[in-house]
Amino acid sequence: MNKFLETIRNIWKIEELRTKIIFTLAMILVYRFGSFVPLPGIDLSVIDADILSARGGDSGSGFLDLLNAFTGGGFSRASILALGIMPYISASIVVQLMGFAVPGIQKLQKDGESGRKKITQITRWLTIAICLVQAPAYLTSVTNFFLPYSDPAINAAYVIPPDSIWFWFPSTILLVAGTMFAMWLGEKITDRGIGNGISLLIMIGIMADLPRAFLSEVQMQPGIYVLFEVVAFLACILACVVLVMGVRQVPVQYVGRAQGGRSNYMKTFTNTVRQYIPLKVNAAGVMPIIFAQAIMFLPGVLAGVIYEEGNIPGFFQQLSDPFSFWYSVVFGILVILFTFFYTAVTIQVNQMAEDLRRNGGIIPRVKPGLDTANFLDDILSKITLPGAIFLAILAILPAIAYKLGVGAGFAYFFGGTSLLILVGVTLDTIQQINTYLLNHHYDGMMQTDRVKRKMA
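Cut-offs and rules
Residue numbers here run from 1 along each chain, matching the order of that chain's written sequence. Reporting in this predicted model follows two pLDDT cut-offs: at least 70 for local features of residues, and 80 or more for side-chain atom pairs to be given and counted; totals over whole chains, interfaces and linings ignore these cut-offs and use all residues. Remark: hydrogens and water are excluded; side-chain values derive from all non-hydrogen atoms of the structure. The helix count covers DSSP runs of H or I at least four residues long, the strand count covers runs of E at least two residues long, and both are numbered beginning at the N terminus. To sort residues, take the accessible area from a 1.4 Å probe on protein chains only and compare it with the maximum for the residue type: under 20% means buried, over 50% means exposed, and anything in between is partly exposed. Methods summary: accessible areas were calculated by the Shrake-Rupley approach with a probe of 1.4 Å, and residue burial reflects only the protein chains presented. Note: pLDDT gives the predictor's confidence per residue, expressed from 0 to 100. By definition, residues are in contact when any of their heavy atoms lie within 4.5 Å. Expected helix span is computed as 1.5 Å times (number of residues minus one). Axis lines are fitted through C-alpha atoms, for helices just across the contact stretch, and the angle between N-to-C directions can take any value from 0 to 180 degrees. Working definition: roughly parallel below 35 degrees, roughly antiparallel above 145 degrees, roughly perpendicular at 65 to 115 degrees, and oblique for all remaining angles. Take the far helix as the reference: if the near one is turned anticlockwise from it by less than a right angle, the crossing is left-handed, and if turned clockwise, right-handed. Nonpolar residues are Ala, Val, Leu, Ile, Met, Phe, Trp, Tyr, Cys and Pro. Charged residues are Asp, Glu, Lys and Arg, and all others, Gly as well, are polar. Two N or O atoms count as a polar contact when they lie within 3.5 Å, although within protein this holds only if one can serve as hydrogen donor and the other as acceptor, and sequence-adjacent residues are included solely when both atoms are side-chain atoms. Note on ring pairs: Phe, Tyr and Trp rings are taken, using the six-membered ring of Trp, and paired if centres are within 6.5 Å. Classes follow the plane angle, with under 30 degrees stacked, over 60 edge-to-face and the rest tilted. Think of it as a cone above the ring: NZ of Lys or CZ of Arg counts as a charge over the ring if it is within 6 Å of the ring centre and within 35 degrees of the ring normal.

Attention shifts here to the overall build of the chain. Within the chain, the regular secondary structure consists of 19 helices and three strands. Here the chain holds 456 residues, and the buried ones make up 43% of them. For the chain, the exposed surface amounts to about 24,100 Å²; the carbon and sulfur share of it is 65%.

Here the chain averages 77 in pLDDT, while 79% of its residues score no lower than 70. Summarising per-element confidence for the chain, the mean pLDDT is lowest in helix α11 (residues 264-270) (41) and highest in helix α2 (residues 15-34) (89). Note that pLDDT drops below 50 for residues 49-61; the model gives that stretch 19 contacts with residues more than four away or on any other chain. Residue range residues 257-272 is modelled with pLDDT below 50. Its contacts to residues more than four positions away, or to other chains, number 16 contacts.

Right, let's get into helix α5 (residues 86-98). For α5, with 13 residues, the first-to-last C-alpha span of 18 Å sits near the 18 Å given by 1.5 Å per residue. Every buried residue of α5 is accounted for by Met86, Pro87, Tyr88, Ile89, Ala91, Ile93 and Val95.

Moving on: the packing of helix α10 (residues 223-245) against helix α18 (residues 416-439). Packing of α10 against α18 brings their axes to within 9 Å, and their N-to-C directions diverge by 60°. The pairing of α10 with α18 is recorded here as oblique in orientation. By crossing handedness, the relation of α10 to α18 is classed as right-handed. From α10, Phe233, Cys236, Ile237, Cys240, Val241, Leu243, Val244 and Met245 reach across to α18, where they touch Leu419, Leu420, Val423, Gly424 and Leu427. In the contact of α10 with α18, the residues fall into 12 nonpolar, one polar and no charged.

With that settled, consider unusual backbone geometry. Even without glycine at this site, Arg365 takes up a positive phi of about 70°. With respect to the helices and strands, Arg365 occurs in the loop between β3 (361-362) and α16 (370-403).

A word on the side chain of Thr429. With respect to the helices, strands and loops of the structure, Thr429 is situated in helix α18. Of the residues examined, Thr429 reaches a relative accessible area of 14% and is grouped as buried.

Turning our attention to the side chain of Ser35. Relative to the helices and strands, Ser35 resides in the loop between α2 and α3 (44-54). Within polar-contact distance, the side chain of Ser35 engages the backbone oxygen of Arg32 at 2.6 Å. Excluding residues that lie within four positions of it along the chain, Ser35 makes contacts with Thr71, Gly72, Gly74, Arg77, Ser79 and Leu81.

Moving on: the packing of aromatic side chains. Using the criterion set out here, one finds nine aromatic pairs in the structure. Their ring planes at 45° and their centres at 5.7 Å tell us that Phe233 and Phe410 sit as a pair that is tilted. Of this pair, Phe233 sits in helix α10 while Phe410 sits in helix α17 (residues 408-411); the two residues are 177 residues apart in sequence, bridging distant segments of the chain. As far as burial versus exposure is concerned, Phe233 and Phe410 are alike and both buried. Relative to Tyr402, the ring of Phe323 has its centre 4.2 Å away and its plane inclined at 15°; by these criteria the two rings are stacked. Note that Phe323 is positioned in the loop between α13 (314-319) and α14 (325-346) and Tyr402 in helix α16, a separation of 79 residues in sequence. Residue class for Phe323 comes out buried when judged on its relative accessible area of 6%. Each residue in the set Phe214, Phe233, Phe410 and Phe414 is aromatic and connected to the rest through ring pairs, giving one cluster. One cation-aromatic arrangement involves Arg18 over Trp12; the distance from NZ or CZ to the ring centre is 5.4 Å.

Written as structure tokens, this is what we have:
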């Protein structure tokens, strides 16, 4: 405990780091405040109670619960930040994938800072386009699913009739503006704060629902059962840390240039620098789970279009239930497939081999060029398979926890997207804080004995 308090004092001593942390907390506070500002014409005191009763409390509806978690509850409160930062994330993914298929985007990615600025502008415009599609869809869900206007018992939630243009037009503009404002906050945190701003906003939105879910679990379950749940939850966090930080280090030797009259033979043994290429066990991160969840949302939509309400086959109903057996099986298989796909798309072993050759780097006992690319591809395939299986197990852990008696609200934090984002963003932020501490000759927050020996 004394060590932890000493680390906090060291963080506060560094003026630049202190300023960045205060700025980050202030921007997060603004974001949280915005998630409680309702759309015009909606009584927030009525909508909270009615949404919870309409959705059956913690039973949730899977995909909608996920969206609500990413927006910090703004989705269920009909907030001006109801869409959150997710349209920007979707636009970023689309632009990233376009970089592998569209030559113009590929050229911009290689143009340095000027290309990066143009890609950022493209992403922003695409975000607006996605918001203009998602905003009317969300307003439709608010008027039809969350608050059916035909029910006189909850008609009081509307100050302005939902079928009026004076409700739809300003609400659409505000939802688009809310997403752009959240994007601006994230960029400001990245530039002037600590950590990645967009990721921090998503993490804060997820964490905002954790205390309520845990308190609900405490009220529902016996004390000893809650204790077992907490231990299991900590074990899941540990598993996520292992998956996020797991790397396979490939040794690389960089041969320096000849100096004076030294021969190439002497140069190889006197100016060689040994480094490593860190190949992550889970190079795809959380993206395979996000892609798989998007695919799993489609069967329910198609079944609703093809079949009448009440006549939907049981198989389609199970694919719409995130806690069912067949949903977990199909979901786990999709996560494994998307892990291989996303890893193959994002990690170009041929480009890595070419960069090594240009910079004078060689892998011991492996020829440069094609042999190096095949060697890296073989290692990547071997470590991606167990990483994909591990990721799939983490993805379906909420369903397993739910079947074992954990409440639906708390079960979502036992794995899947929520826990991976929490662990990944937290580790990234701590690493940035560690950098400031070590540069000022203070002990880091997660400093190991190996780091201490290096500093000594």
